[in-house]
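Breakdown of the fold
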Amino acid sequence: MASEAERTFQRFAVFGESSSRGTEMNNKNFSKLCKDCGIMDGRTVTSTDVDIVFSKVKAKNARTITFEQFQEAVKELGQKRFKEKNPDEALENIYKLMEGKDPATTGVTRASTVGGVSRLTDTSKYTGSHKERFDESGKGKGIAGREETTDNSGYVSGYKGAGTYDQKNK
C-alpha cells in the first residue's frame, strides 16, 4: 500500500513543477493532493489543518517535505479525519483514498459569470450597428462585420477620379 502512496506522492510532487524530480513536495502540491484525494473534507480536515500539519512535519528552514515526512503528515491527518478508528486503520483509510489518484486539471478555473458579464457578452442581445458585427452563432465577423471600412488608397474620400493617375501618366 505504501508503494501506491509513494507513486501518488510522486505524481503530485511533479505537478506544476518543471524542475521537480518527484522526491520532494511543496505545500501547494500537498494541499492539492489532500483536496483531490478527498482527505480534506472541509469539516473535520480543513485547508488550515493541512497547512499546519505540513509546517509541523517539514524541517525548520525547508519549503518542501520528503516522502518520509509526507507519511508522518498523512498519519496525523488520518487521525484527525477518522477519529473513531485507531491510528493504523485511519492510515489505511487515507491510503485507500489516495489509491490511483492523479492531479486534477479539469474544473480548476472557470469563466467569470459575476454580475452582468453574461448579459454583456451575449451577442444575441446586441442591437444597432453592433448586431451586424456577429453572425447567427455569435462568432465575430472581424473586419467584414464593419460596414464602413477605411480606404487606404491614398485618395481623399469622395474623389471621383480615384485610381486614374496611372492611366494619365504613362
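Right above here is the structure, for reference.
Report follows, based on the coordinates. (Residues numbered from 1 in each chain as written. Predicted model: local features only at pLDDT ≥ 70, side-chain atom pairs only at ≥ 80, totals over all residues. Heavy atoms only, no water.)

Quick look at helix α4 (residues 67-81)
Applicable threshold: Counting from the N terminus, the helices are the DSSP runs of H or I reaching at least four residues and the strands are the DSSP runs of E reaching at least two. Expected span, for any helix, means 1.5 Å times one less than how many residues it has. Working definition: with a 1.4 Å probe on protein chains only, accessible area under 20% of the residue-type maximum means buried, over 50% means exposed, and in between means partly exposed.
Helix length check: α4, at 15 residues, gives a terminal C-alpha distance of 20 Å against a target of 21 Å (1.5 Å per residue), a fit within 8%. Those residues of α4 that sit buried are Phe67, Gln69, Phe70, Ala73, Val74, Leu77 and Gly78.

A word on the pattern of salt bridges
For the record, the criterion: Salt bridges are defined by distance alone: a side-chain nitrogen of Lys or Arg within 4 Å of a carboxyl oxygen of Asp or Glu.
Tallying each qualifying case throughout the model produces 7 salt bridges. For Glu17, the salt bridge goes to Lys28, with nearest N and O atoms at 4.0 Å. Pair noted here: Glu17 is in the loop between α1 (2-14) and β1 (25-26) and Lys28 is in helix α2 (residues 27-37), with a separation of 11 residues, a long-range link. Of the residues examined, Glu17 reaches a relative accessible area of 26% and is grouped as partly exposed. We note a salt bridge from Lys80 to Asp49, for which the minimum N-O separation is 4.0 Å. Residue Lys80 is found in helix α4, and its partner Asp49 is found in helix α3 (residues 47-57); the two are separated by 31 residues along the sequence. A relative accessible area of 18% means that Asp49 is categorised as buried. What you see here is one network of salt bridges that share partners, running through Glu4, Arg7 and Arg11.

Comments concerning the environment of Phe12
What counts here: Whether two residues are in contact is decided by their heavy atoms: any pair within 4.5 Å suffices.
Mapped onto the elements of the fold, Phe12 is located in helix α1. The spacing of Phe12 and Pro103 is 91 residues in sequence and 6.0 Å in space, taken between C-alpha atoms. When neighbours within four sequence positions are excluded, Phe12 is seen to be in contact with Met25, Asn29, Lys32, Leu33, Asp36, Cys37, Lys101, Asp102 and Pro103.

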